[in-house]
Amino acid sequence: MDSTGVPHILEHTVLCGSQKYPVRDPFFKMLNRSLSTFMNAFTASDYTLYPFSTQNHKDFQNLLSVYLDAAFFPCLRHLDFWQEGWRLEHENPKDPQTPLTFKGVVFNEMKGAFTDNERVFSQHLQNKLLPDHTYAVVSGGYPLNIPDLSWKQLKEFHATHYHPSNARFFTYGNFPLEHHLKQIHEEALSKFQKIESNTAVPPQQPWEKPREHHVICGMDSFATDSKKQTMVSVSYLLSDITDTFETFTLNLLSSLLVGGPNSPFYKALIEAGLGTDFSPDVGFNGSTREAYFSVGLQGVSEEDIDTVKEIIARTVDEVIEDGFEDERIEALLHKIEIQMKHQSTSFGLALTSYIASCWNHEGDPVDLLKIAEKVSQFRQHFKEDPKFLQKKVKQYFKDNPHRLTLSMSPDMSFYEKQRAMEEAKLKEKVEALSEAEKKQTYEKGLELLELQSQQEDTSCLPALKVSDIEPRIPFTELEVARTDDVPVQYCAQPTNGMVYFRAVSSLNTLPEELRPYVPLFCNVITKMGCGALSYREQAQEIDLKTGGLSVGPHITADDSSLDIYEQGLLFSSLCLDRNLPDMMHLWSEIFNHPHFEDEEHFKVLVKMTAQELSNGIPDSGHIYASIRASRTLTPAGELNEMFSGMEQVKLMKRIAEMSDIKPVLRKLPRIKKYLLNSDNMRCSVNATPQQMPNAAKAIEKFIKGIVRSKKERKPIRPHVIEKPSDPKATGSEVLGSTQITRKLITDPTFQPCQMKTHFLLPFPVNYVGACVRTVPFTSPDYASLRILARLMTAKFLHTEIREKGGAYGGGAQLAHNGIFSFYSYRDPNSMHTLSTFEKAAEWAKMGKFSQQDIDEAKLAVFAAVDAPVAPSDKGMNNFLHGISDEMKQRHREHLFAVNKDNLIDAANKYLVAGKSTRGLAMLGPENPSTAKDPSWIIR
């Protein structure tokens with residue numbers, strides 16, 4: 001009922017030790033003692049979810065035991081440190097007057113979250129549209145309110161809410177249900193008496209007239225027009241989510257209103273050119289007791305707010321009058337059919353999330369899962385009354401006084417004001433303490449630091465052994481055939497009546513000056529129209545016949561050399577098997593006859609792309625930092641930064657700002673000429689065995705129907721290496737039909753070099769990346785470094801960066817391209833974190849870890865190596881990266897063989913300062929250390 005973030009802080013806290021497992025942070029420690037395929041926790045507006053999954057039965061019981069004990073029997077001794085929630089910076093540990101700083105992980109997590117303007121807008125929208133009860137506050141915690149949380153409040157909230165009478169359990173999978181029920185009963189339910197928890201959320205009182213609200217936020221450094229940074233939306237309160245058919249209908253209606261270029265609001269708002277993209281939270285939101293629908297624009301000027309409101313009202317009237325085309329409704333029902341058939345590895349988790357909100361408010365979870373029944377019911381209603389949907393629009397949008405117009409615009413001094421309020425809060429807290437309390441708080445801080453630095457006995461936690469890991473992987477059968485010299489990989493799988501098609505086309509012949517525009521080309525090529533279809537008709541056809549078509553850059557390092565890589569485009573799509581000829585016809589038209597004429601529509605797509613990139617930075621800052629830090633370490637690094645780093649964000653901002661976009665549009669047909677042909681292409685198909693003969697026919701027709709280049713084009717970078725997909729094949733075998741040969745490129749003159757970049761952003765937190773060039777995938781050292789990354793994260797970096805430093809996240813990882821990355825996320829520190837990365841390498845070099853630590857790191861690595869693979873993705877390592885099952889098995893053997901000496905040796909060889917070329921990058925506020933150090937490039 002307040003914004004102290006009590007449920008969010010409890011989410012973090014209960015996973016930090018319990019009666020049966022009295023160790024600090026069993027949650028993170030179990031990541032290394034288990035073969036879990038997923039472990040996390042989420043706090044929503046009105047529930048907290050603790051999901052985990054694993055493919056090992058014993059592991060499942062272990063994790064269930066830890067999660068149950070954590071939730072219902074948390075060890076409250078460490079909660080003592082929440083009593084004040086403030087801690088010393090330790091810059092001057094002898095002086096108890098040193099300013100106190102709140103260092104809670106949640107505090108920095110939420111500070112980071114509130115730098116995301118989309119998140120700020122969505123939060124205010126919910127708070128103001130549902131103002132009468134719990135939805136009026138920030139369940140995750142508002143940074144300035146978090147320090148007000150007392151220990152007493154935390155304990156009371158736990159006692160009321162974390163009780164089996166207020167809990168719901170989900171399991172999904174093929175382990176026997178009886179075992180789960182027995183364990184849940186014995187370890188949790190049987191130890192409690194039933195209580196009336198009184199946690200029900202009452203319905204929101206409907207308003208008698210609409211309301212308006214305006215809020216402010218921080219400036220967006222990458223906005224395409226600094227004068228157009230306002231967001232505005234109109235939101236409507238809908239039905240109670242426990243009415244499952246009404247919810248289904250309104251969700252469908254929402255997609256019809258805002259989904260894709262054929263929707264009325266896309267035509268009326270996006271194509272009006274007033275803004276850059278839809279406002280945040282557009283469409284249907286069913287996460288609160290009553291659902292709501294929101295529509296509006298971002299990237300508009302303040303004086304256009306009324307215009308946006310008028311367009312929304314007019315569009316509602318037009319929809320009530322005209323309704324929707326039958327084909328659009330069919331396309332949506334087709335999408336639902338695909339969602340029911342497409343098997344992802346997180347299918348169970350997706351179902352859990354889908355039913356959590358409704359069940360939380362006493363809705364029927366089983367009824368919610370009967371999706372086919374809802375589709376039939378919907379068809380029946382629509383048949384009986386063709387104006388069924390128009391009446392819903394009138395009821396919920398036209399005649400509904402419970403609607404909110406929310407606008408938000410930036411204030412230049414927003415972050416300054418936030419910082420001033422935080423300092424005032426700190427001052428007020430410190431001044432309220434007596435000298436004795438200050439001393440006590442300071443001593444608590446020292447005690448906490450000491451506690452965090454102690455080696456813990458974790459033997460009470462359950463753990464699998466390395467011997468529980470399967471020594472061999474099952475091999476996937478693949479067949480390769482050739483059509484017109486284009487290799488096609490066929491992988492027969494139980495795909496549930498779906499067909500998955502992919503193709504890779506080489507970038508080797510593309511002129512250098514066109515390369516920066518490749519991501520933009522990928523983004524628009526399926527959205528501009530093709531053949532006889534306008535872009536609207538193309539979108540309709542894609543929705544009716546496929547589960548989507550996507551194109552993206554494909555840059556992958558060679559498995560045996562860091563200086564060799566493949567550069568290309570990856571085309572991906574899926575469809576129901578009956579629609580395969582239609583899907584392949586769409587691809588043929590995109591390859592042969594793409595449209596590049598519609599300048600206005602191109603402008604719309606450019607603005608949306610630029611806006612999405614800008615909005616993504618607060619969520620992915622650590623990824624941008626790592627891409628930048630690795631830019632000068634391998635020949636592919638420059639391309640990675642150009643395609644998916646801050647360079648791409650800046651380029652899209654520049655293009656979106658252009659008054660004349662024609663010169664960029666004219667580059668697209670030139671790019672098409674080099675990339676959309678069958679010269680340097682390979683294809684793959686995953687489908688059921690019964691479907692393969694038909695699939696082969698459709699793919700052959702596609703390949704024979706697309707153009708080949710009229711003249712032989714030479715690669716731009718002449719050093720091309722032809723490599724078969726399975727390196728065992730040599731000589732004449734390479735020419736046989738069972739091979740996919742990839743044309744890789746190298747740069748013999750390349751020299752790695754160090755580079756340090758600081759992107760100045762008006763955020764109150766940092767994102768830090770430090771990257772080191774190491775070895776390729778097939779090297780035995782790669783296995784050592786992979787285990788070392790996990791070991792350093794669990795045993796050193798997590799403690800230093802998250803527990804002591806207060807960052808939301810941090811650690812080390814080894815990428816497929818041989819780049820070893822240290823990173824931190826939503827971090828109040830930057831230079832201290834960089835020195836922590838160096839200390840981690842020294843710690844590893846000194847071998848300050850036990851055999852048990854190594855075994856735990858191996859378990860964590862194997863959990864990732866053996867993560868489930870969906871039928872649609874089988875054989876993809878081979879197709880995309882040239883990594884065969886034999887190579888994966890050899891890597892597996894290298895992982896098993898890693899010992900302490902290998903780890904110390906790897907740390908010495910690659911990670912210790914001065915041994916390998918490294919790059920550094922960070923995104924965040926101004927920093928005196930980087931400002932006065934000339935080796936840092938400030939951007």
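Provided above is the structure to which this section pertains.
Residues numbered from 1 in each chain as written. Predicted model: local features only at pLDDT ≥ 70, side-chain atom pairs only at ≥ 80, totals over all residues. Heavy atoms only, no water.

**Digging into the sheet that holds strand β25 (residues 918-924)**
For clarity, the threshold we go by: At least two DSSP bridges between two strands are needed for those strands to be called paired. Helix and strand labels come from DSSP, where a helix needs a run of H or I of at least four residues and a strand needs a run of E of at least two; each type is numbered from the N terminus. Axes here mean lines fitted to C-alpha atoms, for a helix over just the part in contact, with angles spanning 0 to 180 degrees between N-to-C directions.
Read from one edge of the open sheet, 6 strands run β23-β24-β22-β25-β21-β26, paired in mixed fashion. Where the open sheet ends on each side, the last strands, each with one partner, are β23 (809-814) and β26 (936-938). Going from strand to strand, the sheet's axes swing by 15° on average, the running direction of each strand aside. Pairing of strand β21 (residues 755-760) with β25, which is carried by 6 bridges, proceeds in the parallel orientation. Across the sheet, T757 pairs through a bridge with A921, a residue of β25.

**Notes on the packing of aromatic side chains**
What counts, and what does not: Aromatic rings from Phe, Tyr and Trp, with only the six-membered ring used for Trp, were paired whenever their centres fell within 6.5 Å, and each pair was classed as stacked if the ring planes differed by under 30 degrees, edge-to-face if by over 60, and tilted otherwise. Geometrically, a lysine NZ or arginine CZ counts as sitting over a ring once it is within 6 Å of the ring centre and also within 35 degrees of the ring normal.
For the structure shown, the criterion picks out 38 aromatic pairs. Look at Y50 and Y162: their rings are 6.2 Å apart centre to centre, the planes differ by 70°, and that puts the pair in the edge-to-face class. Here Y50, found in the loop between β3 (48-49) and β4 (52-54), pairs with Y162, found in the loop between α6 (151-161) and α7 (177-187); they are 112 residues apart in sequence, far enough to count as distant. Here a set of aromatic residues connected by ring pairs shows up, and it is made of F27, F28, Y50, F52, F60, Y67, Y162 and F175. Directly above the ring of F849 sits K900, whose terminal nitrogen or CZ lies 5.3 Å from the centroid.

**Examining empty space enclosed by the protein**
Here is the rule we go by: Here a cavity is any set of points on a 1 Å grid over the protein atoms alone where a 1.4 Å probe fits but cannot get out, and a pocket is any open set with protein on both sides within 12 Å along at least 5 of 7 lines; a residue lines the site when it has an atom within 4 Å of a point. Grid points are joined across faces, edges and corners, and a volume is the space filled by probe spheres set on the points. Here the term charged refers only to Asp, Glu, Lys and Arg, the term nonpolar to Ala, Val, Leu, Ile, Met, Phe, Trp, Tyr, Cys and Pro, and the term polar to all other amino acids, Gly among them.
Under the definition given, this model contains 2 cavities of 30 Å³ or more. In terms of lining residues, the largest cavity is bounded by 29 residues, among which N117, D220, Q611, S614 and N615 are the most central. For the lining of the largest cavity, the elements supplying multiple residues, two or more each, are α5 (117-129), β8 (230-240), β11 (290-300) and α21 (599-629). Looking at the lining of the largest cavity element by element, the count peaks at 5 residues for α21. Grouping the amino acids of the lining of the largest cavity by side-chain chemistry returns 12 nonpolar, 12 polar and 5 charged.

**What to know about the pattern of salt bridges**
As a reminder, the rule being used: Salt bridges are defined by distance alone: a side-chain nitrogen of Lys or Arg within 4 Å of a carboxyl oxygen of Asp or Glu. Classification of residues uses two cut-offs on accessible area relative to the type maximum, computed with a 1.4 Å probe and protein chains only: under 20% is buried, over 50% is exposed, and between them is partly exposed.
For the structure shown, the criterion picks out 54 salt bridges. Between E271 and R536 there is a salt bridge, and its shortest N-O distance comes to 2.7 Å. With a gap of 265 residues between them, E271 in the loop between α9 (264-268) and β9 (277-278) and R536 in helix α19 (residues 535-545) connect regions that are remote in the sequence. A residue is classified by how much of its surface remains accessible, and R536, at 23% relative accessible area, is partly exposed. A salt bridge links E647 to R939; the nearest nitrogen and oxygen atoms lie 3.7 Å apart. Here R939 lies in the segment after β26 and E647 lies in helix α23 (residues 646-657), a separation of 292 residues in the sequence. Relative accessible area serves as the criterion here: at 24%, E647 is assigned to the partly exposed category. A single salt-bridge network, built from bridges that share partners, covers R33, K795, D853 and E856.

**Digging into unusual backbone geometry**
Glycine aside, residues mostly have negative phi, and peptide bonds are mostly found in the trans state. For D484, which is not a glycine, the phi torsion comes out positive at approximately 50°. In this structure, D484 sits in the loop between β13 (479-483) and β14 (486-492).

**Some remarks on the side chain of Q123**
The cut-off we apply is this: Residue contacts are defined here by distance: any two heavy atoms, one from each residue, within 4.5 Å place the two residues in contact.
Along the polypeptide, Q123 turns up in helix α5. Accessibility expressed as a relative area gives 13% for Q123, which makes it buried. Every residue in contact with Q123, bar those within four places of it in the chain, is listed here: F114, V137 and V138.

**What to know about helix α26 (residues 692-705)**
Each α-helix winds once per 3.6 residues, and so residues spaced three or four apart point in a common direction. To keep it simple, the criterion reads: One less than the number of residues in a helix, times 1.5 Å, gives the span that helix is expected to have. The arc refers to the directions leading from the helix axis to the C-beta atoms.
Here α26 is 14 residues long and its end C-alpha atoms lie 20 Å apart, about the 20 Å a rise of 1.5 Å per residue gives. Those residues of α26 lying buried are M692, A695, A696, A698, I699, F702 and I703. Looking straight down α26, one finds its buried side chains confined to an arc of 165°; they lie on one side. Relative to its buried face, α26 has exposed residues pointing more than 90 degrees away, namely K697, K701 and K704. Contacts from the buried residues of α26 go to β13, β14, β15 (498-506), α20 (580-592) and β18 (681-687).

Coordinates in, geometry out; function isn't part of it.
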